[in-house]
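Here is what each chain is made of, one letter per residue.
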Amino acid sequence: MRGREFAQWLEQQLIEQEVHEPEAEARMILEDLGITRLTMVTQADDPVPAGQIEQAKRVLARRKQRVPLQHILGYQFFRRLQLTVNGDVLIPRPETEELVQLALDLAPPGARVVDIGTGSGAIAISLGLERPDLDVLATENSGQAILLARRNAKALGIKVNFLEGDLFEPIDEEFLPLDMIVSNPPYIPEENIPGLEPEVRDHEPIEALCPGADPLLFYKRFAAEAPALLKPGCWLLAELESALAQETAALFKAPDWQSVEIKNDMQGMPRFLCAQRS
Ligand SMILES: C[S@@+](CC[C@H](N)C(=O)[O-])C[C@H]1O[C@@H](n2cnc3c(N)ncnc32)[C@H](O)[C@@H]1O
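Parameters at a glance
- Residues numbered from 1 in each chain as written.
- Predicted model: local features only at pLDDT ≥ 70, side-chain atom pairs only at ≥ 80, totals over all residues.
- Heavy atoms only, no water.
- Helix = DSSP H or I, 4+ residues; strand = E, 2+ residues; numbered from the N terminus.
- Rg over C-alpha atoms; globule rule 2.2 N^0.38 Å.
- Buried < 20%, exposed > 50% of the residue type's maximum accessible area, 1.4 Å probe, protein only.
- Contact = heavy atoms within 4.5 Å.
- Areas by Shrake-Rupley, 256 points an atom, 1.4 Å probe, with all protein chains shown as cover.
- Lys, Arg positive; Asp, Glu negative; His and termini not counted.
- Charge placed at Lys NZ, Arg CZ, Asp CG, Glu CD.
- Near = heavy atom within 4 Å.
- Polar contact = N/O pair within 3.5 Å; in protein donor to acceptor, adjacent residues only side chain to side chain.
- Phe/Tyr/Trp six-rings, centres within 6.5 Å; stacked < 30°, edge-to-face > 60°.
- Lys NZ or Arg CZ within 6 Å of the ring centre and 35° of its normal.
- Axes fitted to C-alpha atoms, helices over the stretch in contact; angles between N-to-C directions.
- Parallel < 35°, antiparallel > 145°, perpendicular 65-115°, else oblique.
- Nonpolar A, V, L, I, M, F, W, Y, C, P; charged D, E, K, R; others polar.
- Core = buried A, V, L, I, M, F, W, Y, C linked by side-chain atoms within 4.5 Å.

Caption draft 1: Main features of the overall build of the protein. Helix and strand content of the protein: 12 helices and 9 strands. For a compact globule of 278 residues, the expected C-alpha radius of gyration is about 19 Å, and the protein comes in at 20 Å, within 12% of that figure. Its C-alpha atoms give the protein principal-axis dimensions of about 65 × 40 × 35 Å. By the burial criterion, 51% of the 278 residues in the protein qualify as buried. Partitioning the intrachain contacts of the protein with sequence separation of at least 6 by distance along the chain shows that 64% fall at a separation of at least 24. Put simply, the protein shows about 13,400 Å² of open surface, and 50% of that area lies on carbon and sulfur atoms. Side chains of the protein give 27 positive and 44 negative charges; the mean places of these two sets differ by 4 Å.

Here it is as structure tokens:
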């Protein structure tokens, strides 16, 4: 098979498997095989080595079992990072790249920033890489996730302090008050879990997806606990369930909070809470 035919065949296989984004997945598999966009142009008519075709077939066979491609390849791209991921952490999503941008835009120089529920470390490590002036700390209650986040930061040479524990509890007094809180907490309502794609429902940690019976649990805790930790005028930025955007925003009331805003993601869905401490 020649390069061009191979790329078409690969995408067709993924279309037949009814994967969500066949073109993007085909591109990721090709890149993983060392076949870049440039190679596709310059060597489109060259025969593809048999070993690469066999490797692609192995990936497709696992993908057919609805194993997420990121688990098969072992990584996910996130902004400027290539993060190792596995079944212990949520696979970082494109919307969360936008949450990081909001944080980058609003964080004052030298700010102390905390990422709550860091998972793979995606938000915290991106902030550390893209804004070396920030002092970044991250908390996470899964010990396995913390190990992976530390491994990711180390591999990328980024300094982030990762602490294991419940929400704000592990933060040392010396790190307070905070200039910013960023979080992508679990927010999928329990009743939506059975209807999720099998890749998500059967392979990603349920504790990273779903907060339990109360879908607003984390936002209620943020609204109540964060004012004691955040400097006046500083921001709490959190990803949210679009169907619950208004209920989520309504939790952040005066006198503790001012200027509470919901921002849309690139798909036009309400996705981010920006709440300013009074
Ligand atoms: C939606 S995932 C987000 C992971 C990562 N920040 C990202 O955006 O890809 C939520 C994370 O919060 C963690 N988590 C759940 N409950 C927590 C708690 N009470 N305290 C700290 N972290 C928690 C989960 O283990 C999971 O890693």
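Caption draft 2: Layout of the side chain of Arg 271. As for its position among the elements, Arg 271 is in strand β9 (residues 270-277). On the basis of relative accessible area, Arg 271 is assigned to the buried category, the value being 11%. Contact partners of Arg 271, with chain neighbours within four places excluded, come to Glu 95, Tyr 187, Ala 238, Glu 239, Leu 240, Glu 241, Ser 242, Ile 262, Lys 263, Asn 264 and Asp 265.

Caption draft 3: Structural context of the site of the ligand. Within the structure, the ligand sits among 18 residues, and Gly 117, Glu 140, Asp 166, Leu 167 and Asn 184 are positioned closest to it. Note that a nitrogen atom of the ligand is positioned 2.9 Å from one of the backbone N or O atoms of Gly 117. The separation between a nitrogen atom of the ligand and a polar main-chain atom of Thr 118 is 3.3 Å. In isolation the ligand offers 600 Å² of accessible surface; the protein chains occlude 94% of this area.

Caption draft 4: Just the packing of aromatic side chains, in detail. This model, assessed by the stated rule, comprises 5 aromatic pairs. Between Phe 252 and Trp 257, the aromatic rings sit 5.1 Å apart at their centres with planes inclined by 70°, giving edge-to-face as the arrangement. An aromatic cluster is defined as three or more aromatic residues linked by ring pairs; in this entry it consists of Phe 168, Tyr 219 and Phe 222. Sitting above the plane of the Phe 175 ring, Arg 112 keeps its charged end 5.4 Å from the centroid.

Caption draft 5: Broad picture of the packing of helix α1 (residues 3-16) against helix α4 (residues 50-64). Between α1 and α4, the least distance of the axes is 11 Å, while the angle of their chain directions is 10°. Put simply, α1 runs roughly parallel to α4. Across the interface between the two elements, Phe 6, Trp 9, Leu 10, Gln 13 and Leu 14 of α1 pack against Gln 52, Ile 53, Ala 56, Lys 57, Leu 60 and Arg 63 of α4. A class-by-class count of the residues in the contact of α1 with α4 yields 7 nonpolar, 2 polar and 2 charged.

Caption draft 6: Just the environment of Met 180, in detail. Positionally, Met 180 belongs in strand β6 (residues 178-183). Look at Met 180 and you get buried, because its relative accessible area is 1%. Ignoring any residue separated from it by four or fewer positions in sequence, one finds Met 180 in contact with Ala 103, Leu 106, Ala 107, Arg 112, Val 113, Val 114, Leu 230, Trp 235 and Leu 237.

Caption draft 7: Representation of the nonpolar core within the structure. Within the largest apolar cluster, 36 residues are counted, with the highest numbers of intra-cluster contacts made by Phe 168, Phe 222, Leu 236 and Phe 252. Put simply, the parts of the chain that give this core at least two residues each are β3 (112-116), β6, α11 (217-225), β7 (230-239), α12 (245-250) and β9.

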